[in-house]
Amino acid sequence: MIKAKTYWGVRGLLSLKTVSFLADLTARRADKIIANSKLMYDELVNRVHLCPEKLEVVYHAINVDRFRFVESDIRKRLKVPQNAPLVLSVGRLEPKKGTDILCQAIPQVLSEKSEVRFIFIGKDTNSSPKGGSMRQYVINEAETHHFLDRVKFIDFLSEDELIQLYSACDLFVFPSRHESFGLPVMEAMACGKPVVAAATGIVLELQSHGLKGLKVVPPNDAGELSRGIIEMLQLIEKDGKRQIAEENRKLIETRFSLAVQADRVIEVYNQLLKKRKRKKDER
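All figures in this text were calculated on a predicted structure; none of them were measured in a lab.

Caption draft 1: Spatial organisation of the pairing of strand β4 (residues 117–121). Counting buried positions along β4 yields five of five residues, so the element is predominantly enclosed. Side chains Arg 117, Ile 119 and Ile 121 project from β4 onto one buried face, and the interleaved Phe 118 and Phe 120 project onto a second face that is buried too. Pairing between strand β3 (residues 86–90) and β4: five bridges, direction parallel. The residue bridging Val 87 from the neighbouring strand is Phe 118, located in β4. In this fold, the crossover linking β3 to β4 by way of helix α4 (residues 99–112) has right-handed handedness. The sheet contact formed by β4 and strand β5 (residues 151–154) spans four bridges and is parallel. Bridge assignment links Ile 119 to a residue of β5, and that residue is Lys 152. Regarding topology, helix α5 (residues 134–144) serves as the crossover connection from β4 to the parallel β5, and that connection is right-handed.

The structure is reproduced here in structure tokens:
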């Protein structure tokens, strides 16, 4: 967050620097450190200058029994037309999460596909580019560019309702400027949804799998984000959703499930215990 400059004011900067110092100190004293992505692994090696031998990558896991496609009437409850393409974004309304970037991309998307609806799920913050509420910033931009009737804001949903909305949307968008991981991307994919995401966090690794249902765009680029959204919406209209749903779901099941994570954690601990035993035997 310090690197991305997404803190709020001097107090926010000082707080982050303190937390960063304590985290670095703890990391240097640890026998083994788990990084939740290769991006985080590289940052710990290159920025914190930790020894690579102390680091292991163990990915965040998704409960694939919970996060899966479900039928519901949530579109009806939210008054979203059944035939309107629905684009979903999940994350706090703040610069780090790219809320303003998505806001800037919406007019271009609507110029090509005027029927699209957008839902923002996440708490508001006082971090807009013009100061004050980010939600109000989006509302003001929507009024200026005439798309207020195409956006909806939700502060919070229960996990059940979130899964329903993941399942009901046509496309998930993740425009973050910086992430250590990016869990909502995995949640949406577990529910079989196509994704357009900025190249940060776990997205940098996912793009190597060549998934049809994943479009990766540069961070902080509203033009590329809008083009990615339009391209993905056109793709699912042309080719349908089944292949995308199956591919995205299969990747999460095979690489990012709780069972896979548990096996990796046990492996890391066993390696550490064997190393300590060897040292003890050598004394």
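Caption draft 2: Layout of the pairing of strand β6 (residues 171–174). In β6, alternate side chains face the same way, and those of Leu 171 and Val 173 on one face and Phe 172 and Phe 174 on the other are all buried. Looking at chain direction, β6 and strand β7 (residues 195–198) are connected through three bridges and run parallel. Paired with Phe 174 across the strands is Ala 197, a residue of β7. Crossover β6 to β7 through helix α7 (residues 183–190) is right-handed.

Each value, and the rule that gives it
The written sequence of each chain sets the order in which its residues are numbered from 1. It should be noted that, the model being predicted, local features are given only for residues of pLDDT at least 70 and side-chain atom pairs only at 80 or more, the latter also being counted only at that level, while totals for whole chains, interfaces and linings use all residues. For the side-chain quantities, the full set of heavy atoms in the structure was used; hydrogens and water were omitted. To sort residues, take the accessible area from a 1.4 Å probe on protein chains only and compare it with the maximum for the residue type: under 20% means buried, over 50% means exposed, and anything in between is partly exposed. The helix and strand labels rest on DSSP assignments: H or I over at least four residues marks a helix, E over at least two residues marks a strand, and numbering proceeds from the N terminus. Pairing between strands is defined by DSSP: at least two bridges between them are needed. Call a crossover right-handed when, viewed with both strands pointing away from you, the route from the first strand across the helix to the second goes clockwise.

Any functional reading would require information that these geometric values do not contain.
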